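Coordinate analysis (summary)
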Amino acid sequence: MPETIVLAYSGGLDTSVATKWLQEARGYDVVCLMVDLGRQPDVESARERGLSAGAKAVEVVDARADFLRYFVFPALQAGAVYEGIYPLATALGRPLIAKLLVDKAREVGATAVAHGCTGKGNDQVRFDVSIRALGPDLHIIGTARDNQMNRDEALEYAAKHGIAVRQTAASPYSTDENMWGRSVEAGVLEDPWAEPPEEVYAWTKPLAVTPVEPAYVEIAFDHGIPVALDGERLEAIDLVERLNALAGEHGIGRIDHVENRLVGIKSREIYESPAAVLLLEAHRSLEAMTLTKMQSRFKERVAQEYSDLIYNGLWFSAHHQDLAAYVQSSQRYVTGDIRMRLHRGTAVAVGRRSDLSLYSHALATYSAGDQFDQTAAAGFIKLWGLPVEQQSRQQLQLDPRSGDPLQLGGGE
Ligand code: ARG
C-alpha cells in the first residue's frame, strides 16, 4: 500500500506538477493542503486542478485569523522588519503552513510532507526547520529542489499528464501573498539596475494616480495590537484588509530591496505591504509616547534579533519564546490612538494620544505652566560632562585654534 504525503499546495503550476510527480516518481498517495492566509486565488479551480493532477484530496484551511493573532501581530508588537525594510510577510507565513502540514499529516496518517520550494531560497529552510521541530519523524520532500524542472519542462509535464493549467500568459515572476504582504521576485527584477515595471505591483497604486488629497485614519491599539479604525472596533482580518485597501489606494507600502538571504546570496525583492507599513509606523509612534528611552533603545535591538530569527526560519525555538516573552511584557502600556495621514506613498503619524502616555505637556512646554525645574539642569550637566572635562584636561589637549576644526586629532 502506498504511503501518504501531504503537500503544501497553492493551486499554481508548480505545485500541481508536484502533485503528479510525487505519485509518479515517488509512489506516494498525495493529499494537497491549501492554507488560506488571505488573498488566496480561486479555491474551486485550484481544487479541480489538484484533483486533475491525481490528488487523493485537496483540502483548504482558513488560517487567516490564527495567522494574524499568533504570527503577524506579535511581529508587529516586536517591530520586526528584516534589514530595516521588509515586514516579513512570507517569512511569517511559513511556520504556520508547516504546522498545518504536520497536523494534517497526523490526521491522515501520512509519513511525509512536501513543499514546492526551490533549493535556493529561504522558504525551504523555514519549512524544513519548522517541520523537523514539530514532526521529526516525517520525511520531507522539496519537490522543486528534487525534480529540478524549469518552467518549460513543468508546462510540458503538465500537458503530458492532463493537468489543467490556467490559460493566462505565464508570469515571469515568482510571487507569494498573504494578508501581511506580497513578495515578488525573478524576471526582470533580477537586474538590480532595472526599475520594477508597473506590472509587478498588484495592491498599490502608482504615485501618479493616487488621490491628490490626503486621507486620515485613526488607529486604536490595545497592548500593541490594533483593534479599531476611526473608532469602530474590528475583527483583525477586517481591520488589516481595510488598511491594505486604503493604504494601497494611496500608494503606500512599495518596497524595493536587495536582501541578504540566509543561503548566502543577495537577491532583489519587491514587496507590497500597505497595511504592514502603515501599522508598523503607527505602532512605533505609539511606543514613542508610552515607552521610556531605555525601553525603546533595548527594544530596537530585540526587534532586529526577532526579525532575523523569523527570517532565518527559527520560529519554533526557545530563543523565540524568550524574545516573545520580552516583547509581550514590553506592550503592557502600549495602548492608545494614532492618527495617520496617508498621502502620495507616505504614511505619517500626525497625532497621538494615550491615557498611559509618558509625554507631559507641563514638562515639555516653553509656555506658561512649565513645571520643568530649569535650575536643576546646571548641576546635572556638570556631572554629566565631568568625564569629558577630565579626559580633555588629562589626555586630549584639544586646541580649537589648530587646523583641525573637528578636533579629531589623529593620535600623533
Ligand atoms: N525573499 C522573501 C523571503 O525570503 C520572499 C520570498 C518570496 N517567495 C516567493 N516564492 N516569491 O521572505
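Going by the structure above, here's the rest.
All figures in this text were calculated on a predicted structure; none of them were measured in a lab.

**Some details on the environment of S130**
Residue position: S130 is located in helix α5 (residues 123-134). Residues S130 and S317, 187 residues apart in the sequence, show an inter-C-alpha distance of 9.1 Å.

**A look at the sheet that holds strand β11 (residues 254-260)**
The strand order across the open sheet formed by four strands is β6-β7-β12-β11, and the pairing between neighbours is antiparallel. Both edges of this open sheet fall to β6 (174-178) and β11, since each of them pairs with a single strand only. Neighbour-to-neighbour, the strand axes of this sheet turn through a mean angle of 20 degrees, independent of strand direction. By the bridge criterion, five bridges tie β6 to strand β7 (residues 181-185) in an arrangement that is antiparallel. The residue of β7 that forms the bridge with T175 is V184.

**A word on the site of the ligand**
Close contacts around the ligand come from 15 residues, with Y86, N122, R126, S174 and E259 the closest. Between the ligand and the protein, one listed contact pairs an oxygen atom with a side-chain N or O atom of R126 at 2.9 Å. Interatomic distance of 3.2 Å between a side-chain N/O atom of Y271 and a nitrogen atom of the ligand. Coverage of the ligand by the protein chains reaches 92% of its 340 Å² of free accessible surface. When residues of the shell around the ligand are traced back to their parent elements, those giving at least two are α4 (89-108), α5, β6, β7 and β12 (266-272). Sort the elements by how many residues they give to the shell around the ligand and β6 lands first, with three residues. Its residues placed into classes, the shell around the ligand shows four nonpolar, five polar and six charged.

**With respect to the sheet that holds strand β8 (residues 215-222)**
In space, the five strands of this open sheet follow the order β10-β9-β8-β13-β14, with antiparallel pairing throughout. Where the open sheet ends on each side, the last strands, each with one partner, are β10 (232-233) and β14 (346-353). For strand β13 (residues 336-343) and β14, the ladder comprises seven bridges, and the chain directions are antiparallel. Looking at the pairing, R339 lines up with G351 of β14.

What counts, and at which threshold
- Residues numbered from 1 in each chain as written.
- Predicted model: local features only at pLDDT ≥ 70, side-chain atom pairs only at ≥ 80, totals over all residues.
- Heavy atoms only, no water.
- Helix = DSSP H or I, 4+ residues; strand = E, 2+ residues; numbered from the N terminus.
- Pairing = 2+ DSSP bridges.
- Axes fitted to C-alpha atoms, helices over the stretch in contact; angles between N-to-C directions.
- Near = heavy atom within 4 Å.
- Polar contact = N/O pair within 3.5 Å; in protein donor to acceptor, adjacent residues only side chain to side chain.
- Areas by Shrake-Rupley, 256 points an atom, 1.4 Å probe, with all protein chains shown as cover.
- Nonpolar A, V, L, I, M, F, W, Y, C, P; charged D, E, K, R; others polar.

Don't take any of this as a statement about function, it's just geometry.
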